[in-house]
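# Report on the structure
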Amino acid sequence: MADEWLLENMSQPRAAALLAKGRAILVTGSVEQHGGHLPLGTDFHAASTIATRVAARIEAPVLRVSPVGVAPYHLPWQGSLTLRPRTLIDLMLDVSGGLAAAGVRTLLVVNWHEGNTPTIRLAADEIQRAHPVRVIVAETHIITNGMFPDEMEFTHAGAMETAAVLAHDESLVTMSEMLDGDPVELGTDGHALFRRRDVFPVMTDFREVAGSGWYGSPGSVSADRAREIIDAVADHVTAAFEEVASALAERVAVIGGPA
Ligand SMILES: [Zn+2]
């Protein structure tokens, strides 16, 4: 069924009325290899399914900026695609202009793909300079792992990403086509190097993390449990978004800065 919260599925009057309330959601994606058992668009589907659940809770339209994100290090696997950071920034900046003109003042970016994060921050900076819009970012892969650390391992194409795709559309998970992955410890150690916060390299090729392209334990979660988890993540995003937005408004009122 078509999702009623996607902007492109709304009639213009309904969209205008919702946007005039001042809030909208942008989804960023990625089209990149996730072994034989998960689709290329795993990160896009994950962010989309969480975003539309949040949309129903806060009654804000969702615009999926692009299924493709910034993932140059997956290009050795055919079918993986990347945008240049400038392209994603320009897409986000251009659509934000239209949303701002319709009355949006707070933009929630729902992201699942780690490789988009630096670009989203730059895009937010440009959006906030160009339009009277405040950008708030939800890193949903970090939220999912943080809420369910034992079940939702922070791997690539493992339990956490499988759960997100199961919650979106079970038919996209093809466990029978699973290829051999790398040992979890090897992948985790490799990823940890790029996730250091003090001194860190920038990834050029995902084989620096896992030669096979993936690692993790994808078989450990049922579709029912996956939907429960993703609903809980949507609840968390909603609550944290409201909390951050109101805390920010209070601080702005105190310092007398721009609204
Ligand atoms: Zn992924």
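Presented here is an overview of the structure given in this document. The model shown is predicted, which means the values in this text are computed figures rather than measured ones. (Residues numbered from 1 in each chain as written. Predicted model: local features only at pLDDT ≥ 70, side-chain atom pairs only at ≥ 80, totals over all residues.)

### Focus: the nonpolar core
- Judged by nonpolar contacts, the single largest core of 65 residues is most densely connected at Ile25, Ile50, Val110 and Ala163.
- Leave out the neighbours within four places in its chain, and Val110 touches Ile25, Val27, Ala47, Ile50, Ala51, Val54, Ala138 and Thr140. (Core = buried A, V, L, I, M, F, W, Y, C linked by C-beta atoms within 7 Å. Buried ≥ 20, exposed ≤ 12 C-beta atoms within 10 Å, placed from the backbone. Contact = placed C-beta atoms within 7 Å.)

### What to know about the pairing of strand S3 (residues 106–111)
- The buried fraction of S3 is high, at six of six residues.
- Here S3 shows two buried faces, one formed by Thr106, Leu108 and Val110 and the other by Leu107, Val109 and Asn111.
- Two elements, strand S1 (residues 23–28) and S3, share five bridges in a ladder whose sense is parallel. When the bridges of S3 are listed, Val27 appears paired with Val110.
- As judged from the six bridges shared by S3 and strand S4 (residues 134–139), these two strands associate in the parallel manner. Bridge pairing in S4 links Val110 to Ala138. (Helix = DSSP H or I, 4+ residues; strand = E, 2+ residues; numbered from the N terminus. Pairing = 2+ DSSP bridges.)

### Looking at the packing of helix H6 (residues 159–168) against helix H8 (residues 223–255)
- With their axes 8 Å apart at the nearest point, H6 and H8 run at an angle of 95 degrees to one another. Classified by the interaxial angle, the pair formed by H6 and H8 is roughly perpendicular. Across the interface between the two elements, Ala163, Ala164, Leu166 and Ala167 of H6 pack against Ala223, Ala226, Arg227, Ile229 and Ile230 of H8.
- The residue makeup of the contact of H6 with H8, split by class, is eight nonpolar, no polar and one charged. (Axes fitted to C-alpha atoms, helices over the stretch in contact; angles between N-to-C directions. Parallel < 35°, antiparallel > 145°, perpendicular 65-115°, else oblique. Nonpolar A, V, L, I, M, F, W, Y, C, P; charged D, E, K, R; others polar.)

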